[in-house]
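Close look at the chain arrangement
Chain residues, written in single-letter form:
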Amino acid sequence: MDAEILAFDPKVGVAEVLEAGVRRVLAPNPSPMTFRGTNTYMVGESGLCVIDPGPDSDAHLEAILGAVGAGQSITHVVVTHAHIDHSPLAFRLAKVCCAKVWAFGGPDAGRSDVMKELAARGLAGGGEGVDASFEADMVVAEGDIIEGDGWALEVIHTPGHFGNHIAFGMGDLCFVGDHVMGWASSLVSPPDGDLTDFMESCAKLQARPWRVFHAGHGAPIEEPHARLDWLVKHRLGREAEILSVLQQGADTAAGIAAQIYTETPAALLPAATRNVFAHLVDLSGKNIVLAQGELHADAVFELFS
């Protein structure tokens, strides 16, 4: 990780002004998967919208409420997706503020057909931390506008990292959750994540003239289209590596991951294997690779002939 990325180190629990009407409060949950912690955003000047309240943390709840100034109140709580570092605090915060929770739906909402099939066959998440009990008071869809006092957020369905993942456009800035991050590539782990959807969501965001992305973790992304280009290139590069391994003979997702992620710590190899499996599902849908027998996480894959 380079010095510029590491330089992002805001003080936990302190509301920092990013631009007019936008503040960030860092949650106290740093980890190898969350970097410095979850970014909670507060939008507005009087009637406030809180984006991604974060993990179920008393300290973070107090920090968010402490950032509400005189003449201000929290009127909306919105969630990008149902991972435990983004959504669990939503209902506690909403209850205190007499607000509603807005989201695309529960943790199974937005899943592609192939991911529904994999889940029905028993494939569970890979330990990334799904908020299984999450529900929305107000279910939104692509193109909906969530409006408050002097602000409006456009709902952009961006499945890929998670089926119910949404981004929020506000003028020329976009709150992109975990779909785009500046410090790392986004994890795609079936059945919650779908790489085919991920690439389509990248294309959807690329088509808009954004000035800046505010991500779920890490610093603001000041060159959003360049970062999207990098993400797509990164995924295509990983795809090429997987196909190169398969040219040597049939293999499993775990076997391919072991050959590709040679410098990855053992503790992170399961997540790497899920990432490889996401690619294999995508390639299967394109008839580039074929699973021997039923498509599942431990299947043996070969190049489609």
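Residues numbered from 1 in each chain as written. Predicted model: local features only at pLDDT ≥ 70, side-chain atom pairs only at ≥ 80, totals over all residues. Heavy atoms only, no water.

1. Notes on the layout of surface pockets
In this model, the largest pocket occupies a volume close to 1,000 Å³. Lining the largest pocket are 40 residues; nearest its centre among them are Pro 32, Met 33, Leu 187, Leu 268 and Ala 271. Of all the elements in the fold, those that place two or more residues in the lining of the largest pocket are α6 (224-246) and α8 (269-285). Looking at the second largest pocket, its volume works out to about 380 Å³. What lines the second largest pocket is a set of 16 residues, and nearest its centre among them are Glu 4, Ile 5, Gly 182, Pro 220 and Ile 221. Secondary structure elements with two or more residues in the lining of the second largest pocket: α1 (3-6) and α6. The dominant element in the lining of the second largest pocket, judged by the number of residues it contributes, is α6, at three residues. Residues of the lining of the second largest pocket, tallied by class, amount to nine nonpolar, two polar and five charged. (1 Å grid on protein atoms, 1.4 Å probe; cavity = no way out; pocket = protein on both sides within 12 Å on 5 of 7 lines; lining within 4 Å. Points joined across faces, edges and corners; volume = space filled by probe spheres on them. Helix = DSSP H or I, 4+ residues; strand = E, 2+ residues; numbered from the N terminus. Nonpolar A, V, L, I, M, F, W, Y, C, P; charged D, E, K, R; others polar.)

2. Details of the packing of helix α2 (residues 58-66) against helix α3 (residues 90-97)
It is the contact of α2 with α3, at a shortest axis distance of 11 Å, that shows an interaxial angle of 40 degrees. In terms of axis orientation, α2 runs oblique to α3. Every pair of crossing elements has a handedness; the one defined by α2 and α3 is right-handed. When α2 is examined against α3, the residues Asp 58, Leu 61, Ile 64 and Leu 65 are found in contact with a partner set consisting of Arg 92, Leu 93, Val 96 and Cys 97. Classifying every residue of the contact of α2 with α3 by side-chain character gives six nonpolar, no polar and two charged. (Axes fitted to C-alpha atoms, helices over the stretch in contact; angles between N-to-C directions. Parallel < 35°, antiparallel > 145°, perpendicular 65-115°, else oblique. Left-handed = near helix turned anticlockwise from the far one by under 90°. Contact = heavy atoms within 4.5 Å.)

3. Quick look at the sheet that holds strand β10 (residues 166-170)
Judged by pairing direction, the sheet is mixed, and its five strands sit side by side in the order β8-β9-β10-β11-β12 without closing on themselves. The open sheet is flanked by β8 (145-148) and β12 (212-215), the only strands paired with a single partner. Shown here is a sheet whose adjacent strand axes are inclined to one another by a mean of 25 degrees, direction ignored. The strands touched by helix α5 (residues 195-206) are β9 (151-157), β11 (173-177) and β12; relative to β9, the strand with the most contacts, the crossing angle is about 140 degrees. (Pairing = 2+ DSSP bridges.)

4. Examining empty space enclosed by the protein
Under the criterion given, the structure shown has one cavity of 30 Å³ or more. Quantified by volume, the largest cavity comes out at close to 40 Å³. Around the largest cavity sit His 83, Glu 128, His 161, Leu 187, Ser 189 and Asp 192, which together line it. Tallied by class, residues from the lining of the largest cavity come to one nonpolar, three polar and two charged.

5. Quick look at the side chain of His 81
Considering the arrangement of structural elements, one finds His 81 in the loop between β5 (73-78) and α3. Of note is the side chain of His 81, whose polar atom sits 2.9 Å from the side chain of Thr 80. For His 81, the residues in contact, after removing those within four places along its chain, are Asp 52, His 86, Ser 87, His 161, Phe 162, Asn 164, His 165 and Asp 178. (Polar contact = N/O pair within 3.5 Å; in protein donor to acceptor, adjacent residues only side chain to side chain.)

6. Looking at the environment of Gly 169
Residue placement: Gly 169 occurs in strand β10. Spatially, the C-alpha atom of Gly 169 lies 18 Å from that of Phe 198, the residues being 29 residues apart in sequence. With sequence-adjacent residues up to four places away left out, Gly 169 is seen in contact with Ala 152, Leu 153, Glu 154, Ile 156, Cys 174 and Trp 210.

7. Let's talk about the sheet that holds strand β14 (residues 289-291)
On the basis of which strands lie adjacent, the open sheet formed by three strands has the order β13-β15-β14 and antiparallel pairing. In this open sheet, the two edge strands, each paired with only one partner strand, are β13 (251-252) and β14. Where β14 and strand β15 (residues 300-303) come together, three bridges link them in antiparallel fashion. Across the sheet, the residue bridging to Ala 291 is Phe 301, located in β15. Packed onto the sheet, α6 meets β13, β14 and β15 and runs at close to 90 degrees relative to β15.

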